[in-house]
Structures are given as C-alpha cells and as structure tokens.
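Now for the letters of each chain:
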Amino acid sequence: MEQHDVVVVGGGPAGLAAAISAYEAGSTDVVVLERDVQLGGILNQCIHNGFGLHTFKEELTGPEYAARYEDRLKELGICCLMDTMVLDVSPERVVTAVNTDRGVFSIQAKSVVLAMGCRERPRGALNIPGFRPAGVFTAGTAQRLVNIEGQMPGKEVVILGSGDIGLIMARRMTLEGAHVACVAELMPYSGGLKRNIVQCLDDYGIPLLLSHTVTRVEGKRRVEAVWIAQVDEKLRPIAGTEKRYPCDTLLLSVGLLPENELSRAAGIELSPITRGPVVDERLQTSVEGVFACGNVLHVHDLVDYVSQEAAMAGRMSAQYAQGDSGEGSAARGIPLVAQGGVRYTVPAFIAPERMDQKTTVRFRVDNVYKNKFVCVYLDDQRIMRKKRQVLAPGEMEEVVLKQEHFAERDGVERIVVTLEEG
Amino acid sequence: MDVGSYDVVIIGAGVSGCAVARELSRYDAKVCVLEREEDVCCGTSKANSAIVHAGFDAQTGTLMAKLNVEGNALMWQLAKDLDIGAIQCGSLVVCTDESARDGLDELLARGKANGVPDLRIVEREELKEMEPNISDQAVAALWAPSAGIVDPFGLTIALAENAAQNGVEFEFCREVTSVRAEQDGTWLVGTTAGDVRARCVVNAAGVYSDAIHNMVSSQKISIIPRKGEYLLLDTTAGQHVRHTVFMLPTKMGKGVLVSPTVHGNLLVGPTALDVDDPESTDTTAEGLAEVAQKCALTVANVPLREVITSFAGLRAHQPDHEFIIGEVADAPRFVDCAAIESPGLTASPAVGKMVCNEVCAILGLKERPEGEWIATRKSIPNLNIISFEDWAKLCEEDPAYGRVICRCCRVSEAQIITMLHRPIPVRSLDAIKRRTGATMGRCQGGFCSPKIMEILERELGMEPESITKAGPGSEILVQKGGE
C-alpha cells in the first residue's frame, strides 16, 4: 500500500494551512486529497472582500485569500490530488479514496488531518410546511450558482436565517438585479457578524425581521410566495402575525453542520454540541494520530481563525508522523467545562505538560450578552477575568491559556470557562 | 396533429399503470402510456410509506385483501428480476394498551383468513429483543415476517423501463382531457398534446381516476384524496428500528408507522386527512407536528433532529375502501384500475397481472413467442453497498465511477449518465434523484445540484435555464440580467 507521512482530507482553507504547516514542521511527505477540481474550498465562491484582515492585515476576497495558500503549497511542491473523494478513514489511518485517474485506492498515513469543512442545513431539517417547489436554495448553493456558474437563481427573494452566507447573499442578489424583500431570523438576534448586517443589509435598505420565521411555502412547481410570522419567546409562530411575501425564491441560511461522516465511521468521538470531533490542545481527536481543524471541528466565523487553528493541527500531525509526540502523549489532558452561557470549548482537553507556551481556547456563547466577564477557573481558582462589552452567538470568542497558569498547580481536575456578571 | 393508434392506451404512469404496461408488453399489442407529468412515478407512487404489506389489514374477501397477499408473494422475485431495492424485513403491529389486545387477535385471525403466512403474536420480552427501541408501553405485537419494504421509485421506473424495452411507448406531459367512444368501437383519447386512438383504455390515473372514469360511465365514482404527511430521517437514524413498526389503533387513536427504508433512512408517518384538492401535496405545520408526536407512541427516542425532509402524498381513497378493477359495465373496452390506495404499492404486481388478463380477454391478445420478450432489467450499481474492490473494477470499466457527484448518497457521474440514456427519458433533477438517489441525502442537493445541472447541459445539450426540478414550470434558474 502507498504510504505517506501526513494525509490531509480536504483542500479548503483548513486543509491548505494544515498541509503547509505540516511541511514546514518537517513532514515533507504530505498529500492533500480534495473532492473539488480546484483547491480553496468554499473560498472560491466567496468573491466578496473582508478575508485576511488578521492574517495578512489587508482585505482580500475569498479566492485571493485561498491563492496565498495555494501559491505557498505549490512553492513547497506539496502533492494535491484533485477531484478525489475520500471514502473511508480507518482508525489505523488507512485513507481510502476514489478518483477518475486511479479508481479506488488506499494510502497508509502516519497521521491524518481531517479538514472536510461543513455543509448547510437544508430546508427539510427545518420542517417548513408547504409545497416542495423549485426556488428553495440554501444560500451557499445560490452563491455558487451566481458566483461560479454565472447563473441567476431568482429575482424576487426572501431569505430565512441571518447566518453570514445569507447576509452576503442578500447583498449579492441585490447587486445582480434581484429584489430582496427581507431577511427573517427566528432568534431575537442575528447569527451573523455585525459588520455583515451593516454592510449587506443596512446599506441596501433590506429589512432584518428578528423573531420571525417562514411558516409556509406556496407554489407547487416554483415558489410563488412565502408566509412569514412573528414568533414568541418559545419560537412558536404567533397567530395573526402571518404575512404573505410574493416571491420566486427562498434562500436559507439557517446553520452550518460540520461534515463528520468520515469521522463517525472511523469511530472518532464527536461532540453533540459542535457536532465536530472532541479534541485535545494538539487538536488530536479520540483516535490517535488523527487531527481535526477548521469547520469540520467547529463552525468558525472568520477564515483567519481557521487558518491559525489548521496550522496548529498541521504542526502537530507532523510531530506525530515523526514519532515525536513528546511526554504524556497518550493522555487526553484536563477536561474543559463550558458553563454560564458558554456553549462549548475547542479544545475540550488540555495537558499542561505537553502544551506550547500558549493555547488558544475558542468558544461560542448561547445568547447575546452585554457587559459580562469571561472567566477561567482551574478547579475553584480563578485565573482569568476579561471584560467583554458584547458577546453574541454569531461571533467566536477566545481565551489564551499560558503555560505559567499551570505552574505550581498540580492535579488540576477541570478547567472552567464561564461568563460572570460585572 | 398525428393521431397515434394503439391497441391499448394506459392513462397514468404510476406504479399501477407501469405494472399493467409491463404485463401487457408480453403480448403482441401496441401499447402507449399517457402521463401528464414529465416522468413516471410523480403522483401517489412517489410519496407513500414504501411498505410491502403482509395483507392482514384489508377485510377478508375483498379484492384489496386478495391482491395484497398476491402482490406480496410476487414482489420479491419481481424485485430480483428488475434489480431494485426490496427487503423482506417483516412488520410488527404494536399493541400499547393491554385492554386493546383483542385487536391483535382480530388482525391475526383476519390475516390467516386472507392467506398471510407465518403470522404470530409476540409478547413484550421477545418484542423488546426484536426491536430494542420499542416503546415501554408496548405489551405485544403481531409479527408478520412476510412484510417488507421496497423502493417505490425503483419499482415504478424499473417496470416502465422493462415495458419500454419490450416496445411500450411512453408519452409524457400529456394530460388526458377527454375520452370519447367512436362509431367504430374504438376510444378517442384527447390530451393536452393531441388525440390518440385506442381499442382499449386502462384508467390508472390515481387521484384523478374518478375524473377519467366519469368521462365514459354513467355510474359515477368518487375519489377523495387522503393526504398523508411524512418525515424522513437521515441514514444516521436508519437503524433505529429493524422492522416496519405499526401501531394497533386504540381508543387514543391511530398511530403512525416507523420504518427503515431501502435507502437506509428512517421514515415516520403518515397522517390521514381527507382533502378536496387532488393537487394539495403540501405539508402542514399540524400534520408534521402530529407525525413527530405520534411516532413516540410505539418507538422510543426517535431522533427527530435527524430529519432531512418532509413530504406529503395523496392516496386515491374512495368511500367503499376497495380497489375498482375491471371493465366498466356501460363502457366496453374501458378498464378501470382505479381507487388504488394503500396497499396499492404492494398489490401492484398482482394488479398488473389482473388488469392485463382483463385486457387480453377483451382484445384476444396473444403472447409473444419465447425470446421476443425481455423479462429482466438491470439497475445501476449501488456504491453504498459494494466493496471497494468491486468499485475499483467499475472504475476500470468506466473512470466516471471515480467521480463522486452526490457525496451524501454516494452517487458517481457514471450512474447519472447511465440513467440519462435509458429508454424512459430523464430531464429533471427529481427524475435523476428517483433513479440514482442523488440529492436525496442529508444536504438535500446543496452540493450536487449545480454539478448535476452541468451533466445535464453536457450530456443532453440542455440550456441551464431549461433545467427543471420536476418538469415544466419548475425551472431551477431564471433568465439572467435585468433586460
């Protein structure tokens, strides 16, 4: 069987950054397996700007951001197999894939980086009643049709869900000559970035209807109208508030789900909250030598954080491939506990004895909070208290734990990340 | 306009019409199927429970009971001949109320009288072993090992393809608007795209079979479309039950079934609501909520967060709750195959034979000589179940097996292209879905729809704007630009 040091599953932003950093950490035998015909993943259809502010200190479009990594990949001569679908990752790190050149083939990898990204929640997952006509698209599918295929999915548009892709597509469809009647959001707050609400809705006079949802789709063959109602605090439609919006298109931006079918089949432990693998501070999953990063691990808000995280996974996968996992490599570490409005943390375990000088812990909150303190406890001992004016579910948060926090503290049993009143 | 002339015109390309067409294709006759939609399997046949019923439900002595049991017996060999998905997984009718147990005995007795094989009552302990997720309320169940599940699209498409291989013509997007007796004893069937002439007409028009029947007969029949709503769960939930689980009706009402599907999903439903409009295949908030609530009556912890889609189908119900099959008394050579509601899918192989025999007797048709009739039809490989070795062999024969288009349901470009060049024309995303499974999975076509559209453009020379979800009027795209 063909053998390689590091096999990266997915050539989107996470896979690219992971492959480069694995190479730079000394594992030059890296292979990227990508299902599309080009690298870059979802960035290819994100032709708007705003990418890379943190990483490159400039505003790039999605394809430009991806190109920076692709160029580096080429420079290093990293092998990429395109149009290649990974079918299976075994716990023994045999990666089986298929493409038109080689048919079905397997690679024995020393370590594997999972970077499969995420998918959009479809209409069916929401149980929106009504007909099932043409004209209902997830926002990402519509984005692909408009930006890659040069096609127009509709002219009179209603958008359900205020995730970032939905907000971006409200603007995009408007610029392409469509009329966007409104963006309806079930929750009392948006699931997207504040800057997108301002730049994509406010600037174009598109109303954002918070606490509203689509209650019915009309039109047997093509969408003819949708009905939108206000919802109560239990998210149930309020009778009498229904309003009919004639339209030919309903775009859905109602959440992203990490694509973990391969992980599940490999027996990797998944978090019911993130729906991604449960990882330690090396981003190693419950299966030794298999690492995860990017949106397959948890859905990110900014690609810059994906790249950072993936670089870590790449470096750790290289270390593992070189048989240099260091002290205490088998142990998962001290569990992190998310509470007080913190939904989850990535990583879920930290082993201080093997961690770098710093470990970034990323998390999301479950509601909009104002003037709260993000606090970290080692058992009962508070080690961090950081004021945040606004925390929102749409934006990823982080705290940075340092080696020194753990100095002279033996036997810590849990690390708590929580929100507290001012 | 050309007036085509046929021995037999079948109105409706659902599972019944296609079963009749296949049976008739054994005979020396010119047969045409007229369908108002753009493909076969677009009405009741596409939105139902996909169950092969054992046959204990229908009243003994009815046509429904007879054809159910016969259809079940024929189904398994037919599935092999036509290379379609069918699994004889058995069914359980679960009693959740000790005081309603008599109902199980009644079903058992009726089933035996109907000729259903191997029925028996299983008690709670055995039931729990057979079905670990059964509700704590379950006390006993009627076990029917002859029952099973079938791919309703696969069955209908395979019947049609096999009929077409044997010379039956299919005309799509031709809605029948009139049926008139001619002086010479033939029928003139008017459609939205010209007339056709037939010596014999078969009415297999589903929820419209009353309208078609009433065009020729003074003895009117009436179909009341009965809506059933369903939830379909992801394959991650497909193992939640191993058998089709029904609920024994109690004074608390009728439950819904929970069943695996041949595609590996979990199906729950249906509701039953009589409606006026035979077009109202829309789901309702109330209906979907009812399904979600009722499935818990027999099965514990149905993982409803794994729902990937919901749908509604209309059963062609008539007040007598009986199939209407046979030559219409005041309309010679007009044969009804009407009011085929559940267990119509199960019964379809037997319905096909019965209607065919009727037509043959009327027209005196002769069987074609041995060797002039193809009895089997091949499907496409299922990449979800074949070994990697076998998949590798397929790639050697056709590299397009190496390009996965639908990642959720593992469908390659090769399978899609194969289905585009079969005897029944394929033009829409839904037609491809029903044949290959592409777009049917957890992303519901989010990733693969644009890729399938590219294949349609390339293989069939279609303009992107002409590609539809399910026939004219359901175009995926609008014309570009503001002009």
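The structure displayed is predicted, hence computed values, not measured ones.

What counts, and where the lines are drawn
In this convention, every chain numbers its residues from 1, walking through the sequence in written order. All chains are assigned letters beginning at A, and all ligands numbers beginning at 1, according to the order in which they are written. In keeping with the predicted nature of the model, local features appear solely for residues at pLDDT of at least 70, side-chain atom pairs appear and are counted solely at 80 or more, and the whole-chain, interface and lining totals rest on all residues. For side-chain calculations, the full set of non-hydrogen atoms in the structure is used, while hydrogens and water are omitted. What counts as a helix is a DSSP run of H or I of at least four residues, what counts as a strand is a run of E of at least two, and both are numbered from the N terminus. Throughout, radius of gyration means the C-alpha value; the globule benchmark is 2.2 Å times the number of residues raised to the power 0.38. Exposure categories follow from relative accessible area, calculated using a 1.4 Å probe and restricted to protein chains: below 20% of the type maximum is buried, above 50% is exposed, and the middle band is partly exposed. Only the protein chains shown count as covering a residue, and every accessible area follows the Shrake-Rupley method with a 1.4 Å probe. Two strands are counted as paired when DSSP detects at least two bridges linking them. Segment limits for the domains were obtained from an automatic or database-derived domain assignment. Any pair of residues with heavy atoms lying within 4.5 Å of one another is described as a contacting pair. Throughout, buried area stands for the accessible area (probe radius 1.4 Å) lost by two parts on being put together, summed over both. Convention adopted: a line fitted to C-alpha atoms gives each axis, helices being fitted over their contacting stretch, and angles between N-to-C directions are expressed from 0 to 180 degrees. Relative orientations are named as follows: roughly parallel for angles under 35 degrees, roughly antiparallel for angles over 145 degrees, roughly perpendicular for angles from 65 to 115 degrees, and oblique for any other angle. In this scheme the handedness of a crossing depends on how the near helix is turned from the far one: anticlockwise by less than a right angle means left-handed, clockwise means right-handed. We score Asp and Glu as negative and Lys and Arg as positive, and we do not count His or the chain ends. The term salt bridge refers to a pairing of a side-chain nitrogen on Lys or Arg with a carboxyl oxygen on Asp or Glu at a separation within 4 Å. Polar contacts here mean pairs of N or O atoms no more than 3.5 Å apart (in protein, one a potential hydrogen donor and the other a potential acceptor; neighbouring residues in sequence count only if both atoms are side-chain atoms). Only Asp, Glu, Lys and Arg are considered charged in this grouping, and only Ala, Val, Leu, Ile, Met, Phe, Trp, Tyr, Cys and Pro are considered nonpolar; every other residue, Gly among them, is considered polar. The nonpolar core is taken to be a set of buried Ala, Val, Leu, Ile, Met, Phe, Trp, Tyr and Cys residues, with the residues joined through side-chain atoms within 4.5 Å. Both site types are read off a 1 Å grid over the protein atoms alone. A 1.4 Å probe that fits but cannot get out defines a cavity, while an open set with protein on both sides within 12 Å along at least five of seven lines defines a pocket; lining residues have an atom within 4 Å of a point. Grid points are joined across faces, edges and corners, and a volume is the space filled by probe spheres set on the points. pLDDT expresses, on a scale from 0 to 100, how confident the predictor is about each individual residue.

A. Inspection of the overall build of chain B at higher detail. Check the secondary structure of chain B and you find 12 helices and 22 strands. For chain B, the C-alpha radius of gyration of 22 Å lies close to 23 Å, the compact-globule estimate for 483 residues. When the backbone C-alpha atoms are referred to their principal axes, chain B occupies close to 65 × 55 × 50 Å. The 483 residues of chain B split such that 60% are buried. Carbon and sulfur atoms form 50% of the exposed surface of chain B, whose accessible area is close to 18500 Å².

B. Geometry of the sheet that holds strand β4 (residues 86-87) of chain B. Residue and element names in this part refer to chain B. As summarised here, the arrangement of the three strands in space is β3-β8-β4, forming an open sheet in which the pairing is antiparallel. In this open sheet, the two strands that pair with only one neighbour each are β3 (51-52) and β4. The pairing of β3 with strand β8 (residues 148-150) spans two bridges and is antiparallel. Of the residues in β8, the one forming a bridge with I51 is I149.

C. Here's a closer look at the sheet that holds strand β20 (residues 334-338) of chain A. Residue and element names in this part refer to chain A. With respect to topology, five strands assemble into an open sheet ordered β22-β20-β27-β24-β25, the strand pairing being mixed. Both outer strands of the open sheet, β22 (349-350) and β25 (381-391), are each paired with one neighbouring strand and no more. The sheet contact formed by strand β24 (residues 369-378) and β25 spans nine bridges and is antiparallel. By the bridge assignment for β25, Y377 is matched with R382.

D. Focus on the domain arrangement of chain A. All names here are of chain A. Taken domain by domain, chain A holds domain 1 (1-119 + 256-325), domain 2 (122-254) and domain 3 (329-422). A straight line from the C-alpha centre of domain 1 to that of domain 2 covers 31 Å. Contacts between the two partners involve 11 residues from domain 1 and, on the opposite side, 11 residues from domain 2. Carbon and sulfur atoms supply 54% of the area buried between domain 1 and domain 2, which totals about 940 Å² over both sides. When the buried area of domain 1 at its contact with domain 2 is split by residue, Q45, I47 and H48 rank highest and sum to 50% of it.

E. Main features of the pairing of strand β26 (residues 397-402) of chain A. All names here are of chain A. Of the two faces of β26, only one is covered, namely that formed by E397, V399 and L401; the face formed by E398, V400 and K402 stays uncovered. Across six bridges, the pairing between strand β23 (residues 358-365) and β26 is antiparallel. Counterpart to R362 in the pairing with β26 is E398.

F. Seen up close, the environment of A139 of chain A. Residues and elements named next belong to chain A. Assignment of secondary structure puts A139 in helix α3 (residues 139-147). A139 sits 26 residues away from I165 along the chain, and the two C-alpha atoms are 6.0 Å apart. If we skip the residues at most four places from it in the chain, A139 touches E120, I165, G166, M169, L252 and S253.

G. Region of the structure containing the packing of helix α10 (residues 413-420) of chain B against helix α12 (residues 449-460) of chain B. Residue and element names in this part refer to chain B. Packing of α10 against α12 leaves a shortest axis separation of 11 Å and a crossing angle of 45°. With respect to each other, α10 and α12 are oriented oblique. Between α10 and α12 the crossing geometry is right-handed. Packed against α10, whose contacting residues are E413, I416, I417 and L420, the element α12 presents I452, I455, L456, R458, E459 and L460 at the interface.

H. Representation of the side chain of E35 of chain B. Residue and element names in this part refer to chain B. Mapped onto the elements of the fold, E35 is located in the loop between β2 (31-34) and β3. Although E35 is buried, it forms no salt bridge, and the closest oppositely charged side chain is R36 at an N-O distance of 5.2 Å. At 2.8 Å, the side chain of E35 and the backbone nitrogen of A13 are in polar contact. Residues in contact with E35, not counting those within four places in the same chain, are G12, A13, G14, E171, F172, C173 and R174.

I. Structural view of the domain arrangement of chain B. All names here are of chain B. For chain B, the domain assignment lists domain 1 (1-88 + 148-222 + 318-379), domain 2 (91-145 + 224-317) and domain 3 (388-466). Computed over C-alpha atoms, the centres of domain 2 and domain 3 are 33 Å apart. Taken together, the contact between domain 2 and domain 3 spans five residues of the former and four residues of the latter. Carbon and sulfur atoms make up 51% of the surface buried where domain 2 meets domain 3, a total of about 420 Å² over both sides. Put simply, domain 2 and domain 3 have one salt bridge between them.

J. Expanded view of the interface of chain A and chain B. At the junction of the two partners, chain A supplies 46 residues and chain B supplies 52 residues. Buried surface at the junction of chain A and chain B, both sides included, amounts to about 4200 Å², of which 54% is carbon and sulfur. Counting across the interface, chain A meets chain B through seven salt bridges. The shortest N-O distance in the salt bridge between E279 of chain B and K220 of chain A comes to 3.4 Å. Counting every contact that joins chain A to chain B gives 14 residue pairs in polar contact (both at pLDDT 80 or more). Listed by contribution, the elements that provide at least two residues to the side of chain A that touches chain B are β6 (85-89), β7 (94-99), β8 (103-114), β9 (118-120), β10 (136-138), α3 and α6 (261-265) of chain A. Tallied by class, residues from the side of chain A that touches chain B come to 17 nonpolar, 12 polar and 17 charged.

K. Structural view of the nonpolar core. Membership of the largest hydrophobic core comes to 104 residues, with the highest contact counts inside it found for I10, L24, V40, F170 and V359 of chain B. Contact partners of V359 of chain B, with chain neighbours within four places excluded, come to V8, L24, C200, V202, V335, G364 and L365 of chain B. Formed by 62 residues, the second largest nonpolar core is a distinct cluster that contains F51, A97, V113 and A115 of chain A.

L. Highlighting the pattern of salt bridges. A full pass over the atoms with the stated rule returns 57 salt bridges over all chains. Among the salt bridges present, the one from R354 of chain A reaches D280 of chain A, with a minimum N-O distance of 3.4 Å. Separated by 74 residues along the polypeptide, R354 of chain A in the loop between β22 and β23 and D280 of chain A in the loop between α6 and β19 (290-292) bring together distant segments of the chain. Relative accessible area serves as the criterion here: at 13%, R354 of chain A is assigned to the buried category. For D280 of chain A, a relative accessible area of 1% corresponds to the buried category. A salt bridge links D430 of chain B to K433 of chain B; the nearest nitrogen and oxygen atoms lie 3.8 Å apart. Of this pair, D430 of chain B and K433 of chain B both sit in helix α11 (residues 429-436), separated by three residues, roughly a single helical turn. The network of salt bridges with common partners includes R35, R119, E259 and E261 of chain A together with D234, R407 and R442 of chain B.

M. Molecular detail of empty space enclosed by the protein. Using the criterion set out here, one finds two cavities of 30 Å³ or more in the structure. Of the voids in this model, the second largest cavity is the one considered here, and its volume is about 30 Å³. Taken together, R35, D83, T84 and M85 of chain A together with G402, R403, V404 and K451 of chain B form the lining of the second largest cavity.

N. Quick peek at the environment of L39 of chain A. Residues and elements named next belong to chain A. Tracing the backbone shows L39 in the loop between β2 (30-33) and β3 (49-51). L39 sits in the buried class, given a relative accessible area of 11%. Once the C-alpha coordinates of L39 and P63 are considered, the two residues, 24 residues apart in sequence, prove to be 9.7 Å apart. Look past the residues within four positions of L39 in its chain and what remains in contact with it is G11, L16, V32, E34, N44, E70, L73, C80 and M82.

O. Spatial organisation of the environment of E23 of chain B. Counting through the fold element by element, E23 of chain B comes out in helix α1 (residues 15-24). When the C-alpha positions of E23 of chain B and A350 of chain B are compared, they lie 10.0 Å apart, and in sequence the two are 327 residues distant.

P. Focus on the side chain of H53 of chain B. Within the element layout of this structure, H53 of chain B appears in the loop between β3 and α2 (63-82). Once residues within four sequence positions are removed from consideration, H53 of chain B is found in contact with N68, N72, A147, F246, S342, P343 and T346 of chain B.

Q. Representation of the confidence of the model for chain B within the structure. Put simply, chain B has an average pLDDT of 95, and 98% of its residues get 70 or more. As scored by the predictor, the complex reaches a pTM of 0.94 and an ipTM of 0.93.

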